[in-house]
Amino acid sequence: MSPVLCCFRNHIFKHLACTNSLVRREFSLTKLLSVKAVPLSTCTNASLTSPFLSVHIQCRKDFADMLSEALLCFGASSTSIDEQDSHVQNEEICISSIYDISKDVRKSILHAADSIGLKDLPTYKIVKGYHSDWIKDIQDSFHPVEVTKGLWIVPEWRTPLDLQATNIILNPGLAFGTGDHPTTKLCLLLLHEIIKGKESFLDYGTGSGILAIAALKFGADFAVGIDIDPQAITAARHNATLNNIGPDILQLYLVPSEEINSPSENNSTGFEGQGSYEPEASFDEIVKYDIVVANILLYPLLNLADQIVSFAKPGAMVALSGIITEQLPRITGRYSEFLEDITVSKMDDWACVSGKKRRI
Ligand SMILES: C[S@@+](CC[C@H](N)C(=O)[O-])C[C@H]1O[C@@H](n2cnc3c(N)ncnc32)[C@H](O)[C@@H]1O
């Protein structure tokens with residue numbers, strides 16, 4: 001089983017590989033709410049009214065992360081860890097999860113607990129709910145985010161708080177990139193600082209299209225977004241439309257997923273998905289850009305370094321994000337042959353590396 005999951009609160013796509021009772025993390029990730037990616041704006045009436053089971057599980061704090069992931073491997077459609085939950089005792093925490101109505105919840109919790117070495121079945125409570133409530137909950141949890149003074153990311157269903165600001169309108173339901181994860185924020189801050197007007201911009205791993213949309217709003221002349229996930233391309237086009245950005249200035253391409261995305265012992269990209277986008281033309285690999293940003297995590301950044309840098313003009317800015325600070329030496333080591341004037345910006349445990357492509 002290898003579900004593709006999207007954390008709506010922390011907005012990280014993650015891929016969990018589960019072999020028998022072995023639960024493995026493909027990427028180092030933050031937690032909170034993990035759900036199978038659902039396009040919020042495209043749910044049918046039937047899916048909105050179909051019932052599901054909302055399950056609240058009490059668990060020791062130090063096991064919560066592991067149990068949460070194990071539940072996903074044993075049938076839960078989503079899990080969220082509520083660190084703020086005041087109803088539970090000091091050392092305990094509540095995991096809220098969603099199950100399809102057909103699932104045997106007790107068996108799932110039992111297997112998940114067993115797989116991480118918990119001897120007792122955790123206490124749990126099941127409530128029947130409807131997807132419309134769940135989607136409303138998710139929508140309610142998103143608010144406009146001010147990335148820096150005068151730059152707001154506004155969920156499609158909210159009203160901008162500052163009409164004079166640069167407001168990027170987004171539907172965060174379809175793809176990674178809602179603007180409140182540090183990996184995205186670091187890129188947004190960099191683009192805000194370096195775009196002076198008229199640049200060409202390549203968004204390598206566009207996700208929701210947020211960086212390309214931001215670059216255009218900051219003054220770039222045109223932008224290209226590429227992604228291996230069709231759902232990301234669909235999301236990015238939808239989000240571009242929300243911002244009155246047409247295909248004349250934002251081109252989006254679905255590109256083939258390369259195995260080199262992942263470490264050699266594993267062929268999973270961690271970014272698989274499904275969507276309806278039919279590309280009309282293929283990405284022109286000859287064109288060079290003034291700015292190239294790739295927010296695609298450590299292994300793709302390492303494996304695709306030559307390719308990422310090849311899209312930059314000599315002297316162009318190249319920025320790499322999705323890096324946990326302890327991974328920094330591997331990225332700076334790999335990219336120092338291509339980039340000069342390397343700088344590093346950090347937020348929480350995340351870092352963004354940028355530099356100018358050497359002219360040779
Ligand atoms: C972490 S998200 C970044 C989204 C957005 N650019 C942002 O900064 O918030 C990474 C995106 O890169 C895409 N991706 C991963 N590997 C890729 C590759 N080799 N080529 C193109 N896109 C890739 C994923 O599908 C995903 O949409």
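Before reading on, note that the structure itself is shown above.
Residues numbered from 1 in each chain as written. Predicted model: local features only at pLDDT ≥ 70, side-chain atom pairs only at ≥ 80, totals over all residues.

Trainee: So what's going on with the overall build of the chain? Which residues, and what values?
Mentor: A count of helical and extended segments in the chain gives ten helices and 18 strands. Across the 360 residues in the chain, those meeting the buried criterion constitute 42%. Considering only contacts in the chain between residues 6 or more positions apart, those separated by 24 or more positions represent 66%. (Helix = DSSP H or I, 4+ residues; strand = E, 2+ residues; numbered from the N terminus. Buried ≥ 20, exposed ≤ 12 C-beta atoms within 10 Å, placed from the backbone. Contact = placed C-beta atoms within 7 Å.)

Trainee: I'd like to hear about the sheet that holds strand S9 (residues 145-148), residue by residue, with values.
Mentor: Reading across from one edge, S9-S10-S11 is the order of the three strands in this open sheet, with mixed pairing throughout. Unpaired on one side and paired on the other, S9 and strand S11 (166-170) mark the two borders of the sheet. Going from strand to strand, the sheet's axes swing by 25 degrees on average, the running direction of each strand aside. Sheet topology places strand S10 (residues 151-155) next to S11; five bridges connect them, and they run parallel. Pairing of Pro155 across the sheet is with Leu170, part of S11. (Pairing = 2+ DSSP bridges. Axes fitted to C-alpha atoms, helices over the stretch in contact; angles between N-to-C directions.)

Trainee: Which residues make up the nonpolar core, and what are the values?
Mentor: Core analysis: the largest hydrophobic core is formed by 61 residues, its most contacted members being Cys187, Leu211, Ala215, Val292, Val318 and Leu320. Excluding its chain neighbours within four sequence positions, the residues that come into contact with Cys187 are Leu211, Val293, Asn295, Ala319, Ser321 and Cys352. Among the nonpolar cores identified, the runner-up in size contains 22 residues, and Phe52, Cys59, Leu67 and Cys94 belong to it. (Core = buried A, V, L, I, M, F, W, Y, C linked by C-beta atoms within 7 Å.)

Trainee: Requested: an account of the packing of helix H2 (residues 61-73) against helix H3 (residues 105-115), with residues and values cited.
Mentor: Following both chains from N to C, one finds H2 and H3 inclined at 130 degrees, their axes separated by 8 Å at the closest point. As far as their axial angle goes, H3 and H2 are oblique. Here H2 and H3 pass one another in a crossing that is right-handed. Contacts from Leu67, Ala70 and Leu71 of H2 reach H3 at Ser108, Ile109, Ala112, Ala113 and Ser115. In the contact of H2 with H3, the residues fall into six nonpolar, two polar and no charged. (Parallel < 35°, antiparallel > 145°, perpendicular 65-115°, else oblique. Left-handed = near helix turned anticlockwise from the far one by under 90°. Nonpolar A, V, L, I, M, F, W, Y, C, P; charged D, E, K, R; others polar.)

Trainee: I'd like to hear about helix H5 (residues 182-194), residue by residue, with values.
Mentor: Between its terminal C-alpha atoms H5 stretches 18 Å, which fits the 18 Å expected from 13 residues at 1.5 Å a residue. Within H5, the full set of buried residues consists of Thr183, Thr184, Lys185, Leu186, Cys187, Leu188, Leu190 and Leu191. (Expected span 1.5 Å × (residues − 1).)

Trainee: Please set out the environment of Ile323 residue by residue, giving values where relevant.
Mentor: Note on placement: Ile323 falls in strand S16 (residues 312-324). On the basis of neighbour count, Ile323 is assigned to the buried category, with 26 C-beta atoms found within 10 Å. Note: C-alpha distance between Ile323 and Ala351 (28 residues apart in sequence) is 5.3 Å. Not counting residues within four places of it along the chain, the set of residues in contact with Ile323 comprises Leu298, Leu301, Leu328, Ile331, Trp350, Ala351 and Val353.

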